[in-house]
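An overview of the molecular structure
Okay, here's what each chain looks like letter by letter:
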Amino acid sequence: LKQLHSINDIQASAMGIKSQGLGSQSNVEHVITILEERIAKIKMRGICNIDKGTLEQEINIAKKLAISDDSCLVHGDLDCRHLIFSGKNLTGIIDWGDIDIANRAVDLNVIWSFYPSDCHSKFFEIYGEIKPEEWKYARFLGLYSAISLMLYGVDVKDAMLVTEATHSIMRINPNLISS
């Protein structure tokens, strides 16, 4: 990610990368609207019980974030399905079909959604500094991604993906899913 995100929007454009619209994930209101639609589907279908108060807190925090216009080359669809491991070592990233020019928080969400919080400091040692607002937004996008994957996993009948998405949500905010 450090290498990928070191390619700024101008360099990426010069390489022939054309925006696919993932920059819309940098639009907090747009993401919130889609998130609320997906949560309504999850509730309607009885997939799990999303705690309304906790969700409102998450949304209110996201609304207050000032997301910068800084754009770089991003994978664009980075989640657990696209990480390849050999044992405990990440050895590859697949599915580059959504490569885009957007805020790096679009990719950084995977650190929140997939890796336990005790791994985050090691990530920062390797990746470098991240603006606090960007890191908070990556967290929110992690929730967005996990909820989206949960719904997708149910749709395609992938129980392992639903389980991983549930674990992702619990890693980010254990109070979001209630019994």
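That block above? That's the structure.
Residues numbered from 1 in each chain as written. Predicted model: local features only at pLDDT ≥ 70, side-chain atom pairs only at ≥ 80, totals over all residues. Heavy atoms only, no water.

**Considerations on the overall build of the protein**
Along the protein, the regular secondary structure elements total eight helices and six strands. The N-to-C order of helical and strand elements in the protein reads α-α-α-β-α-β-β-β-β-α-α-α-α-β. Dimensions of the protein along its principal axes, counting C-alpha atoms only, are 50 × 40 × 30 Å. Residue burial in the protein is summarised as follows: out of 179 residues, 43% are buried. In the structure as shown, the protein presents an accessible area of about 9600 Å², 54% of it carried by carbon and sulfur atoms. Charge separation in the protein, taken as the distance between the mean sites of 18 positive and 23 negative side-chain charges, equals 3 Å. (Helix = DSSP H or I, 4+ residues; strand = E, 2+ residues; numbered from the N terminus. Buried < 20%, exposed > 50% of the residue type's maximum accessible area, 1.4 Å probe, protein only. Areas by Shrake-Rupley, 256 points an atom, 1.4 Å probe, with all protein chains shown as cover. Lys, Arg positive; Asp, Glu negative; His and termini not counted. Charge placed at Lys NZ, Arg CZ, Asp CG, Glu CD.)

**Thoughts on the pairing of strand β3 (residues 83-86)**
The sheet contact formed by β3 and strand β4 (residues 89-93) spans four bridges and is antiparallel. For I84, the partnering residue across the bridge sits in β4 and is G92. Connecting the antiparallel pair β3 and β4 is a turn made up of two residues, with G87 showing a positive phi of about 65 degrees. (Pairing = 2+ DSSP bridges.)

**Brief notes about the side chain of S145**
By secondary structure assignment, the location of S145 is in helix α7 (residues 132-155). Judged by its relative accessible area of 13%, S145 is buried. In contact with S145, other than residues within four places in its own chain, are D79 and N109. (Contact = heavy atoms within 4.5 Å.)

**A look at unusual backbone geometry**
Phi is positive for D95, which is not a glycine, with a value near 60 degrees. Of the residues examined, D95 reaches a relative accessible area of 35% and is grouped as partly exposed. Residue K157 is not a glycine yet carries a positive backbone phi of 60 degrees. With respect to the helices and strands, the residue K157 is situated in the loop between α7 and α8 (159-172). Here K157 falls in the exposed class, since its relative accessible area comes to 76%.

**Let's talk about the side chain of R139**
Along the chain, the position of R139 falls in helix α7. Those residues within four positions of R139 in sequence are excluded, and the remaining contacts are E58, W112, I172 and N173.

**Quick look at the environment of N8**
Of note, N8 is situated in the loop between α1 (2-5) and α2 (9-14). Sequence-distant contacts of N8, that is, excluding residues within four places in its chain, are made with S71 and C72. A distance of 3.0 Å separates a polar atom in the side chain of N8 from the backbone nitrogen of I10. (Polar contact = N/O pair within 3.5 Å; in protein donor to acceptor, adjacent residues only side chain to side chain.)

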